[in-house]
Each structure stands twice: as structure tokens, then as C-alpha cells.
Amino acid sequence: MRLEFPRQVTICESCAREGFQSEKDFIPTDKKVRLIDAFTDLGFKKIEIGTFASPKAMPQFADLFEVLQRIKR
């Protein structure tokens, strides 16, 4: 049996989305921005940083619009 591998793969970093939502204490906006910018500096082209859910349901993302404005592009 011969395995065929794709010529290209995409690695997506989702720590900011998956990791932040499970934290009980609110993570300050500055820390979120620094972490996301660090992933950008490492060369990640696709970074999932949040969800557009109600802050009542997902309090960690209450500052999502500010984070979006401040991260490196």
C-alpha cells in the first residue's frame, strides 16, 4: 500500500480561541494581544483568536473587538 501525502498543509493556531474560553479568570486584553502577536511573530499565517458569541455566554471574548484592533496583521 502506497501512502499519498498532500503537497501542502495548513497549520492553524487556535490557542487564543480554544484556550481562552476555558479559563475561569478573565485574561487581560494586553496579555491576549501579546500572545497572539507572538504567534504571528513565529510565522503562523492563520490564527483563530475568538468567537462572536455573547459576552454572557463567553466572558473571555468580551474584549474581542479591542483585541482585533490591536493585534499585528
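Structural data are supplied above this passage.
Small disclaimer: the values here were computed from a predicted structure and weren't measured.

Conventions adopted
Residues numbered from 1 in each chain as written. Predicted model: local features only at pLDDT ≥ 70, side-chain atom pairs only at ≥ 80, totals over all residues. Heavy atoms only, no water. Helix = DSSP H or I, 4+ residues; strand = E, 2+ residues; numbered from the N terminus. Buried < 20%, exposed > 50% of the residue type's maximum accessible area, 1.4 Å probe, protein only. Contact = heavy atoms within 4.5 Å. Lys, Arg positive; Asp, Glu negative; His and termini not counted. Charge placed at Lys NZ, Arg CZ, Asp CG, Glu CD. Phe/Tyr/Trp six-rings, centres within 6.5 Å; stacked < 30°, edge-to-face > 60°.

Peer 1: Which residues make up the overall build of the chain, and what are the values?
Peer 2: When you go through the chain residue by residue, the secondary structure sums to three helices and two strands. Going from N to C terminus, the chain has its helices and strands arranged as β-α-α-β-α. Oriented by its inertia axes, the alpha-carbon framework of the chain measures out at about 50 × 25 × 20 Å. With 73 residues in all, the chain has 23% of them scored as buried. For the chain, the proportion of contacts with a sequence separation of at least 24, taken over those separated by at least 6, is 67%. Averaged over its 13 positive side-chain charges, the chain has a centre that lies 3 Å from the centre of its 11 negative ones.

Peer 1: Any details on the environment of Ala 53? Residues and values, ideally.
Peer 2: By secondary structure assignment, the location of Ala 53 is in the loop between strand 2 (46-47) and helix 3 (64-70). Distance from Ala 53 to Leu 3, taken between C-alpha atoms, is 41 Å for residues 50 residues apart in sequence.

Peer 1: Lay out the packing of aromatic side chains in plain terms, naming residues and giving numbers.
Peer 2: Taken as a whole, this structure holds two aromatic pairs when the rule is applied. Ring plane angle 90° and centroid distance 5.7 Å describe the contact between Phe 39 and Phe 44, whose orientation is recorded as edge-to-face. When its relative accessible area of 15% is taken as the criterion, Phe 39 is described as buried. Using a relative accessible area of 27% as the deciding quantity, one classes Phe 44 as partly exposed.

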